[in-house]
Amino acid sequence: MYHLHNFRKPRAAAVITLYASKPAPILACPFQVILLQAQSTPGRQKNHVIQKGTKTVPSGRSHNMEKPVIRNRAVFPMKKSITFVLPLMLLLIFSCGCRLAVGSPSKFTIIAVENFLADIAQNIAGDRLTVGPLIPYGIEPHEFEPTPRDMITVSNSDLLIVNGGGLEGWLESGLNTVGGSRIVITASAGLASRSGGGGSAPAETDPHFWLNPVLVRTYVSNILGGLIQLDPEGESVYRRNADSYIAALDKLDQWIEIRVAQVPADQRILITNHESLGYFADRYGFTILGSIFPGVSPDAQPTASQLVNLIDKIRTSGTRAIFLDTGTNPQMADQIAQETGCSVITGLYTHSLTPPGGVASTYLDMMRYDVNLLVDALL
Ligand SMILES: [Zn+2]
């Protein structure tokens, strides 16, 4: 029995209010920049606006003023407003010499864009440094739209870890305008993109390297280099931690091979909502039959002929299941399943971990959870 997590895509809507008053807990400035935004995970509810006159600390608690009036209205669509909102915010913040706290007690601020990257990096950093994720749990990185606060977090980072491979296209332009200086590490640097295999993906870089744990060894190596560059005194600690984590990756790889071997080779067929499991398929002998969204990102809508082609392939192959990431609208997959008689399996965790305590709260747990889901459905 699987369930669908109805994660929402973030839609930024923010109101910035300036108060010449006493310092706030987070911004120790003469001016408080109060950024009111819908928080996610699951709570970045979209289009919430708190009207002028309401004073709210960034944690969302109200301060002895009139209650927030929340109404639905898009005020600042991010992509259109960031051009003028962000420079204003950065000017205010840096001109008053203050710095946002991001919850890290360590002397350096380390941000990994995706939460699975943060988990991998934290394993290497160990107890010496703290790594925080930028994208909240359950949010799709392909279509992530950063809030001004997200970009301030980036601007305050000493080390920024990105996946690369085109996954964070939204960040590339932002990094050119954000203030501060930092080390930027691309975790997938040095890995060659697959060509799309037998699936429906056109020729474009496939960023989903992390779904093959053997390739994550390269992530570990790149992240290790970034940590040593940031904090040379901790090199021996980071190297020791990296060795331990690589051993855990090797153990995971061996476990996956054994688990997958239970599925007859001719039943190792994968159909997903977008083509995210290519590197996984290459490593463990699966065939990517196709995907509902034809490509390595969920941007491209399928044409009618592509859907007909996919239905034909499913009927011919006799494959048993379509696998959907958490948060995916199952409507199109359900229609295909009705046409072909295959099952729709929701609940793959591929682009985000679950919050702590969930079934996939670490990268290693996420992979084990997904492999069990795939194998059980294909047996
Ligand atoms: Zn993807």
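Note that the structure is a prediction, hence the values are computed from the model and not measured.

(A) Region of interest: the overall build of the chain. When you go through the chain residue by residue, the secondary structure sums to 10 helices and 12 strands. The burial tally for the chain puts 42% of its 379 residues in the buried class. Partitioning the contacts of the chain with sequence separation of at least 6, the portion at a separation of at least 24 is 64%.

(B) Highlighting the nonpolar core. Ala121, Ile124, Ile161 and Ile223 are the most contacted members of the largest nonpolar core, which has 79 residues in total. Both domains that furnish three or more residues to this core are identified here as domain 2 (110-254) and domain 3 (261-378). Residues contacting alanine 121, with those up to four places away along its chain left out, are Ile110, Ala112, Val131, Ile161 and Ile223.

(C) The arrangement of helix α6 (residues 235-260) in detail. For α6, which comprises 26 residues, the first-to-last C-alpha distance of 37 Å matches the rise-based estimate of 38 Å (1.5 Å per residue) to within 8%. Turning to α6, its buried residues are Tyr238, Asn241, Ala242, Tyr245, Leu249 and Ile256. Looking at the buried side of α6, the elements it contacts are α2 (115-125), α5 (213-230), α7 (278-284) and α10 (363-378).

(D) Representation of the packing of α5 against α6 in the model. One can describe the packing of α5 onto α6 by two numbers: an axis separation of 10 Å at closest approach and a directional angle of 170°. With respect to their mutual orientation, α5 and α6 come out roughly antiparallel. Residues Pro213, Val214, Val216, Arg217, Val220, Leu224, Leu227 and Ile228 of α5 form the contact with α6, whose participating residues are Glu235, Tyr238, Arg239, Ala242, Tyr245, Ile246, Leu249, Leu252 and Asp253.

(E) Spatial organisation of the pairing of strand β9 (residues 269-274). In terms of burial, β9 is largely enclosed, as six of its six residues are buried. Strand direction decides the pairing type here: β9 and strand β10 (residues 287-293), joined by five bridges, are parallel. Bridged to threonine 272 within β10 is serine 291. In the classification by handedness, the crossover that spans β9, the intervening α7 and the parallel β10 is right-handed.

(F) Summary view of the sheet that holds strand β8 (residues 183-186). Strand order in the open sheet formed by four strands is β6-β5-β7-β8, and the pairing between neighbours is parallel. Whereas interior strands pair on both sides, the edge strands pair on one side only; in this sheet they are β6 (131-133) and β8. Neighbour-to-neighbour, the strand axes of the sheet open up by a mean angle of 25°, direction not taken into account. Note: strand β5 (residues 110-112) against strand β7 (residues 159-162), three bridges, orientation parallel. Note that in β7 the partner of alanine 112 across the bridge is isoleucine 161.

(G) Quick peek at the environment of leucine 167. Looking at where leucine 167 falls in the secondary structure, it is placed in the loop between β7 and α4 (169-177). Taking C-alpha positions, leucine 167 is 9.6 Å from valine 296, a pair spaced 129 residues apart along the chain. Leave out the neighbours within four places in its chain, and leucine 167 touches Pro141, His142 and Pro207.

(H) Summary view of the pairing of β7. By the alternation rule, side chains of β7 split into Leu159 and Ile161 and Leu160 and Val162, which are all buried. One ladder, built from four bridges, connects β7 with β8; its direction is parallel. Note on β8: the bridge partner recorded for leucine 159 is isoleucine 183. The parallel pair β7 and β8 is bridged by α4, and the resulting crossover is right-handed.

(I) Up close: the confidence of the model for the chain. Model confidence for the chain is summarised by a mean pLDDT of 77, while 70% of its residues fall at 70 or above. Contacts of residues 1-105 to residues separated by more than four positions or lying in other chains number 166 contacts, the stretch itself having pLDDT below 50. Of the regions scoring below 50 in pLDDT, residues 197-201 engages in 22 contacts with residues more than four places distant in sequence or in other chains.

(J) Molecular detail of the environment of phenylalanine 293. Secondary-structure assignment places phenylalanine 293 in strand β10. With 21 C-beta atoms counted inside 10 Å, the residue phenylalanine 293 sits in the buried group. Residues phenylalanine 293 and asparagine 273, spaced 20 residues apart in sequence, show a C-alpha to C-alpha distance of 5.7 Å. In contact with phenylalanine 293, other than residues within four places in its own chain, are Asn273, His274, Pro298, Ala300 and Pro302.

(K) Structural detail: the packing of α2 against α5. At a minimum axis separation of 10 Å, α2 and α5 run at an interaxial angle of 55°. Between α2 and α5, the angle is such that the two are oblique. For the crossing formed where α2 meets α5, the hand is right-handed. Where α2 approaches α5, its residues Ile120, Ala121, Ile124 and Ala125 are matched on the opposing element by Val216, Tyr219, Val220, Ile223, Leu224 and Leu227.

Reading the values: the criteria
- Residues numbered from 1 in each chain as written.
- Predicted model: local features only at pLDDT ≥ 70, side-chain atom pairs only at ≥ 80, totals over all residues.
- Helix = DSSP H or I, 4+ residues; strand = E, 2+ residues; numbered from the N terminus.
- Buried ≥ 20, exposed ≤ 12 C-beta atoms within 10 Å, placed from the backbone.
- Contact = placed C-beta atoms within 7 Å.
- Core = buried A, V, L, I, M, F, W, Y, C linked by C-beta atoms within 7 Å.
- Domains from an automatic or database assignment.
- Expected span 1.5 Å × (residues − 1).
- Axes fitted to C-alpha atoms, helices over the stretch in contact; angles between N-to-C directions.
- Parallel < 35°, antiparallel > 145°, perpendicular 65-115°, else oblique.
- Pairing = 2+ DSSP bridges.
- Right-handed = clockwise from strand over helix to strand, strands pointing away.
- pLDDT = per-residue confidence, 0-100.
- Left-handed = near helix turned anticlockwise from the far one by under 90°.

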